[in-house]
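# A closer look at the structure
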Amino acid sequence: VRMRMAVSSRSALCLVAALLAAAPASGLRLPSAVRASSVVRTSSPAVRASLRCAVQMGPGASRKYCESVYTPQRRPTRTVWVGKVPVGSEHPIALQTMTTTDTRDVEGTVAQVIACADKGADIVRITVQGMQEAKACALIKAALLARGYETPLVADIHFAPKVALLVAESFDKIRINPGNFMDGRKTFEDKSYDDDAAYQAELEAIEELFTPLVLKCKELGRAMRIGTNHGSLSARTLGKFGDTPKGMVESAFEFARICRKHDYHNFIFSMKASNPLVMAAAYRLLAAEMYSEGWDYPLHLGVTEAGEGEDGRIKSAIGIGSLLQDGLGDTVRVSLTEDPELEMGPCRILRDASQLALVTPSHVPAYHETFRDITSFDKRRGVLPEQREGDGDFDMRGLLHRDGSVLMRVSKASLTSPYALYTALGCKMAVGFPFKDIATVDSIVLDELPALDEEDARTTISRLQTAGIGILAKRAALDAAPLAGAVAIVDLVDVVAAGGKIALPQGALRMAVRIDGTESDAAVLSLAGVDAAMLILEIAAPLSRVHGSRRVFELLARSECQTPAILASVFETDSGEALTINVGIQMGALLVDGLGDGVMVSAPNTQVDLRPLSFALLQGSRMRNTKTEFVSCPSCGRTLFDLQTVTAEIAARTGHLPGVAIAVMGCIVNGPGEMADADFGYVGGAPGKIDLYVGKEVVKRAIPMEQACEELVGLIKEYGRWKDKEEAEVAEAVAV
C-alpha cells in the first residue's frame, strides 16, 4: 500500500523536487529538514531514485555521456597500469574479484588469490583494515611471487590513511573510499553547509590527509581507485548534495582534484550502489562530467551488495551490462555473496558480451535522441488496457500488470498437461482451478492454437482466461482456429498497410502490434493513432536489441504514443548462467532507463525456468516486487560472521515476504548506508555479535549470532510485515 501511494503521488513529489531544485537559483531558503535526502526516503525505491536525480541533477537528455547512443563505441581513456595489467580503452576489459579470507591468514589468502587467478581474475583485491593486515600484505605478495603469480593486488582501505601508506609499499593499487577516508564511520548526521567556508575547510583537511598517499603512489608507480559507494557517502557530501548521484560524483572529484594538483594520473573511478538504477545514473553522470572537464580516466564497474545466485547475477548484469552497452567501463567486478572465484564466470560473460557488441555493427541508423534523460529515472508508463462494452465475461484488464508484466510463450502440446502448465505459470490452485498469485504470468503467447474439436486443450485455455491470464496468438493462427477473448498479434507492417484499421479474427477482442525495429520512422510514429492493447518489441537480427529498441522508444515518445510496450527476446545460449547475464544486459539496459512495461523471455536451448527469471529481472530493475528483496555484501576479510551461511539461513526464513527489503551486511563499512532503503538490517557489529536495524536506525545491539535470525523474524513480526509461509501452504493444500 505504501508503494502504491508513493507511485500515485509521483506528480506531487516531482513538484516538491522541482521546488527544491529551483530554490538556490531563486534565492528561496528552505528549512534544513526539507532536503533532497529526506524527500527521497519517503517513497518507493524507483521513485526515490527518480527524485534523487531530479532534485540534484536537473535535465540532461542532451548531455554527452558516451560516444554514441545508437551503436556501441568504447569511451576513449588513458591507460592506468595496475602492476603489469593495463586498464583502459586500448586494452581488454580487466576482470576483478576480492578475497573473503582473514588477511592475517597469509596462507589462506594466498591460496584464495591463486584460485581466483586460475579462474581468470586479472586483479584481486584484499581488505586491509589495520597495521597487522598491512604487514601481512607484504608476506602475501612475496609468497605469490615465489609461486610464480604476478597477479596485481589491490588494498581495500576504509577509515585508515596510515594503513594505506604502509601497504602501498607492497601492493600494486590502493582503493580509497572518499566517503570514509577522513570522515570515519557512516552517520546520518544532518550537516548544513550554508557557509561555504566550513565546507572549504573540510576540503583543505582532506587534502592535508590525502596528499601523502598521492605522493607515495606517484613515487612508487602505484595505481589508485577512487571508489565512491552510495552507502557510505560522508556527512559533508550528504549535507551539501543529498543522497544523490551528483553527491557520489562530487565526492570522487574532491579526491581526483588533489591527485591532479600533484600531477598524479594513474587512477581509476568507480560509482557503486546496490540499486542498479542509482549505479547506472551515477556512472553516466561521472562520464558526462569527465567529458565536460576533458578528463579521460578509466572506469571500474560494479553493483555492490548484489547478493547471491540468480538475483545477484541479474542485478549485476542490469547495472554493469547497461553501461558496457554504451562503451563505458574498463574493468569489472561482479560482487556476489559466494566464493570469490565464482564471480569470474559472470565477469567473463559480461566482458565477452561487451567485446562482441563493440565489434558488431548495430545496424541502427543515426538519430537525435530527445527523450531519454540519463540524469533521471522517468519511466515511460503505458496506459493499460481497460474494460470495454462488448468484452463480456473476459476481463481484459488482467492482460498486463501496472508494475511490470511477464508474458510467456506456451506450446500447444503443454495445454494437454494442464496442472503442469498451471504450475509453470505460477498459478495457485483451488478445487482444481487455477488462480493468479503474486508471481503468476500475466499473459501467454500461443504460436499454435488447438483445433475447435480439441476440447481438453480448449478447456485449459478457458480456465486460464477465467483466472485472468491473457491469451495472445498470431492473427493467422486465430483466423484458422478462432478463440473467444483472444488478443491477435499483428505485425506493424501489416497495420500500416491496412491504414491502421485491422479487422480482428472472429472472437478476438484486442490487437497487439509486433515491432521488429526495421520499420520506417513514419511507421512507428503512426502507432499513436492505432488502437492496440500492447506493443511487442522483438528486435530482428542483425539489429542491436538495445540500440534498436532505443530508436523505437524515441519515436514512440515523439508521437506521444502511450501504448504499453513489452520487450521480447529469444536467447540461443545453452547455459543457464549465460542466459541470466544476457537477459540482464539486453533487457535490463532498457528497463534501467524506464523503457518497457514488461518482458517476454524465450530460451529454447535451456531448461531454465523463465518465469522466476523474468520476475527477478523486473524486481532487479525496481519495477515489480514479488519476493523479499535482499541486499547482501559479498564478504571480505572484515566480515564478522559466515556471510554465505547466514544469508542462506535468513533467505530460507524470510524469502517469502514480497515488498520487504532486508540487508545482510558483514560489517559497518557500507552497512548503514546501503540499508537506508531497506526495511530491516542484519549487520555484524563485533565478532559473534549482530546489530539489527529498522531502516537506518539500530534497534537491537550485540545479539549473539545464534539468536540473531530469530530476533530478526521477531522484529519483522513486531513491525507488522510478517506473513506465515507455513500457514499459507497448508491453506492452499486444503483448498486443493
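Residues numbered from 1 in each chain as written. Predicted model: local features only at pLDDT ≥ 70, side-chain atom pairs only at ≥ 80, totals over all residues. Heavy atoms only, no water.

### Some words on the overall build of the chain
Put simply, the rule is: Only DSSP runs of H or I covering at least 4 residues are called helices, and only runs of E covering at least 2 are called strands; the numbering of each starts at the N terminus. Should any heavy atoms of two residues lie within 4.5 Å, those residues are counted as being in contact. Per-residue and other accessible areas follow the Shrake-Rupley method at a 1.4 Å probe size, with only the shown protein chains counted as cover for residues.
Regarding its fold elements, the chain presents 26 helices and 25 strands. Looking at the chain alone, contacts between residues at least 24 apart form 72% of all its contacts between residues at least 6 apart. If you sum the accessible surface of the chain, you get close to 27,700 Å²; carbon and sulfur atoms cover 52% of it.

### Overview of the sheet that holds strand β8 (residues 267–272)
Quick reminder of the rule: Being paired, for any two strands, means DSSP has found at least two bridges between them. Helix axes use the C-alpha atoms of the stretch in contact, all axes being lines fitted to C-alpha atoms, and the angles between their N-to-C directions lie in the range 0 to 180 degrees.
The strand order across the open sheet built from eight strands is β8-β7-β6-β5-β4-β3-β10-β9, with neighbouring strands paired in parallel fashion. The open sheet has two free edges, formed respectively by β8 and β9 (300–301), since each of these has just one partner strand. Where strand β6 (residues 173–176) and strand β7 (residues 223–229) come together, four bridges link them in parallel fashion. Directly across from Lys-173, in β7, lies its bridge partner Ala-223. Lying on the sheet, helix α13 (residues 344–359) is in contact with β3 (94–98) and β10 (331–332); it crosses β3 at an angle near 160°.

### Notes on the packing of helix α12 (residues 309–324) against helix α22 (residues 610–620)
Note the following rule: When an angle is under 35 degrees it counts as roughly parallel; over 145 it counts as roughly antiparallel; between 65 and 115 it counts as roughly perpendicular; any other value is oblique. Left-handed describes a crossing in which the near helix is turned anticlockwise from the far one by less than a right angle; the clockwise case is right-handed. All amino acids are sorted into three groups, where Ala, Val, Leu, Ile, Met, Phe, Trp, Tyr, Cys and Pro are nonpolar, Asp, Glu, Lys and Arg are charged, and the leftover types, Gly among them, are polar.
Where α12 contacts α22, the axes come no closer than 9 Å and their chain directions differ by 50°. With respect to their mutual orientation, α12 and α22 come out oblique. As for the relative orientation of α12 and α22, their crossing is right-handed in sense. Each of Glu-310, Asp-311, Ile-314, Lys-315 and Ile-318 in α12 lies in contact with α22, whose residues at this interface are Pro-612, Leu-613, Ala-616, Leu-617 and Gly-620. Of the residues that constitute the contact of α12 with α22, the class distribution is six nonpolar, one polar and three charged.

### Here's the deal with the nonpolar core
Applied cut-off: By convention a nonpolar core is built from buried Ala, Val, Leu, Ile, Met, Phe, Trp, Tyr and Cys residues, the set being connected through side-chain atoms within 4.5 Å. Per-residue accessibility, obtained with a 1.4 Å probe over protein chains only, is compared with the maximum for each type, and a residue is labelled buried under 20%, exposed over 50%, and partly exposed between these values.
In this structure, Phe-210, Met-224 and Phe-269 are the most contacted members of the largest nonpolar core, which totals 163 residues. No other element matches the 11 residues that helix α11 (residues 276–293) contributes to this core. In this structure, Phe-269 is in contact with Ile-226, Ala-252, Phe-253, Ala-256, Leu-286, Met-290, Trp-295, Tyr-297, Pro-298, Leu-299 and His-300, ignoring residues within four places of it in sequence. If you look at the next biggest cluster of nonpolar residues, it comprises 28 residues, including Phe-630, Val-631, Ala-663 and Met-665.

### Let's talk about the pairing of strand β24 (residues 689–694)
Burial analysis of β24 places five of its six residues in the buried class, which makes it a mostly covered element. Two successive antiparallel strands, β24 and strand β25 (residues 697–704), enclose a turn made up of two residues, where Gly-695 displays a positive phi of approximately 65°.

### Points about the sheet that holds strand β22 (residues 661–665)
Read across the open sheet, the five strands follow the order β21-β22-β23-β24-β25; overall the sheet is mixed. Here the strands that pair on one side only, and so sit at the sheet edges, are β21 (629–632) and β25. On average, each strand axis in the sheet is tilted by 20° relative to the strand beside it, whichever way the strands run. When β24 meets β25, the two strands line up antiparallel, connected through five bridges. Following the sheet pairing, Val-694 is matched in β25 by Glu-697. Contacts from helix α23 (residues 643–654) reach β21, β22 and β23 (680–686) within the one sheet, and its direction differs from that of β22 by about 165°.

### A closer look at the side chain of Ser-621
One can find Ser-621 in the loop between α22 and β21. Judged by its relative accessible area of 0%, Ser-621 falls in the buried class. In this structure, Ser-621 is in contact with Leu-277, Ile-318 and Leu-591, ignoring residues within four places of it in sequence.

### Observations concerning the packing of α23 against helix α25 (residues 705–718)
Following both chains from N to C, one finds α23 and α25 inclined at 30°, their axes separated by 11 Å at the closest point. In terms of orientation, α23 and α25 fall into the roughly parallel class. Like other packed secondary-structure pairs, α23 and α25 cross with a definite hand, here right-handed. Packed against α23, whose contacting residues are Val-646, Glu-649, Ile-650, Arg-653 and Thr-654, the element α25 presents Met-705, Cys-709, Glu-710, Leu-712, Val-713 and Ile-716 at the interface. Taken together, the residues that form the contact of α23 with α25 break down as seven nonpolar, one polar and three charged.

### Here we look at the confidence of the model for the chain
Residues shown with low pLDDT carry predicted positions that ought not to be read at fine detail. Let me state the cut-off plainly: Per-residue confidence from the predictor is reported as pLDDT, which spans 0 to 100.
On average, residues of the chain score 87 in pLDDT, and 86% of them are at 70 or above. With pLDDT under 50 throughout, residues 1–60 is counted as low confidence; its partners more than four residues away or in other chains account for 96 contacts. Taken together, the stretch residues 726–736 has pLDDT below 50 and engages in eight contacts with residues farther than four places along the chain or on a different chain.

### Describing the pairing of β8
Of all the six residues making up β8, six are buried; the element is thus mostly covered by neighbouring parts of the structure. Side chains Phe-267, Phe-269 and Met-271 project from β8 onto one buried face, and the interleaved Ile-268, Ser-270 and Lys-272 project onto a second face that is buried too. Of the strand pairs in this sheet, β7 and β8 are connected by six bridges, and their pairing is parallel. What sits directly across from Met-224, in β8, is Phe-267.

### Topic: the environment of Thr-244
Structurally, Thr-244 can be placed in the loop between α9 (235–241) and α10 (245–261). Along the sequence, Thr-244 and His-230 sit 14 residues apart, while their C-alpha atoms lie 8.0 Å from each other.

### Side note on helix α5 (residues 106–118)
What counts here: By definition here, a helix of n residues has an expected span of 1.5 Å times n minus one.
With 13 residues, α5 ought to run about 18 Å at 1.5 Å a step, and its terminal C-alpha atoms sit 18 Å apart, in line with that. Considered for burial, the residues of α5 that qualify are Val-106, Thr-109, Val-110, Gln-112, Val-113, Ile-114, Cys-116 and Ala-117.

### Things to note about the side chain of His-230
Note the following rule: N or O atoms closer than or at 3.5 Å make up a polar contact, with two conditions inside protein: a donor-capable atom paired with an acceptor-capable one, and, for residues adjacent in sequence, both atoms drawn from side chains.
Within the element layout of this structure, His-230 appears in the loop between β7 and α9. For His-230, a relative accessible area of 6% corresponds to the buried category. Reaching out from His-230, the side chain makes a polar contact with the side chain of Asp-243 at a distance of 2.9 Å.

### Re the packing of aromatic side chains
The criterion, for reference: Pairing of aromatic side chains here covers Phe, Tyr and the six-membered ring of Trp, requires ring centres within 6.5 Å, and sorts the geometry by plane angle: under 30 degrees stacked, over 60 edge-to-face, intermediate tilted.
Tallied over the full model, the rule gives 14 aromatic pairs. For the ring pair Phe-181 and Phe-255, a centre distance of 5.9 Å and an interplane angle of 85° mean the geometry is edge-to-face. Of this pair, Phe-181 sits in the loop between β6 and α8 (196–220) while Phe-255 sits in helix α10, placing them 74 residues apart in sequence. No difference in accessibility class separates Phe-181 from Phe-255, as the two residues are buried. Considering the side-chain rings of Phe-253 and Trp-295, the 4.6 Å spacing of their centres and the 35° angle between planes classify their relative orientation as tilted. One end of the pair, Phe-253, is in helix α10; the other, Trp-295, is in the loop between α11 and β9, with 42 residues separating them in the sequence. The exposure class assigned to Phe-253 is buried, which follows from its relative accessible area of 3%.

### Remarks on the pattern of salt bridges
Here is the rule: One speaks of a salt bridge when a side-chain nitrogen belonging to Lys or Arg is within 4 Å of a carboxyl oxygen belonging to Asp or Glu.
Within this structure, the stated rule accounts for 46 salt bridges. Linking Asp-531 and Arg-388 is a salt bridge whose minimum nitrogen-to-oxygen distance equals 2.8 Å. Note that Asp-531 is positioned in the loop between α18 (521–525) and β18 (534–537) and Arg-388 in the loop between α13 and β11 (405–410), a separation of 143 residues in sequence. Accessibility expressed as a relative area gives 39% for Arg-388, which makes it partly exposed. Here Lys-412 makes a salt bridge to Glu-448, at a shortest N to O gap of 3.7 Å. Linking Lys-412 in the loop between β11 and α14 (418–424) with Glu-448 in the loop between β14 (443–446) and α15 (455–466), this pair joins segments that are 36 residues apart in sequence.

### Considerations on helix α6 (residues 131–146)
Every α-helical turn comprises 3.6 residues, leaving residues that sit three or four positions apart pointing alike. Given a rise of 1.5 Å per residue, 16 residues ought to cover 22 Å, and the 23 Å separating the end C-alpha atoms of α6 matches this to within 8%. Buried residues of α6: Glu-133, Ala-134, Ala-136, Cys-137, Ile-140, Lys-141, Ala-143 and Leu-144, and no others. Considering only its buried residues, α6 is in contact with α5, β4 (123–127), β5 (153–157) and α7 (161–167). Just downstream of α6, Gly-148 is the residue with a positive phi angle, here 85°.

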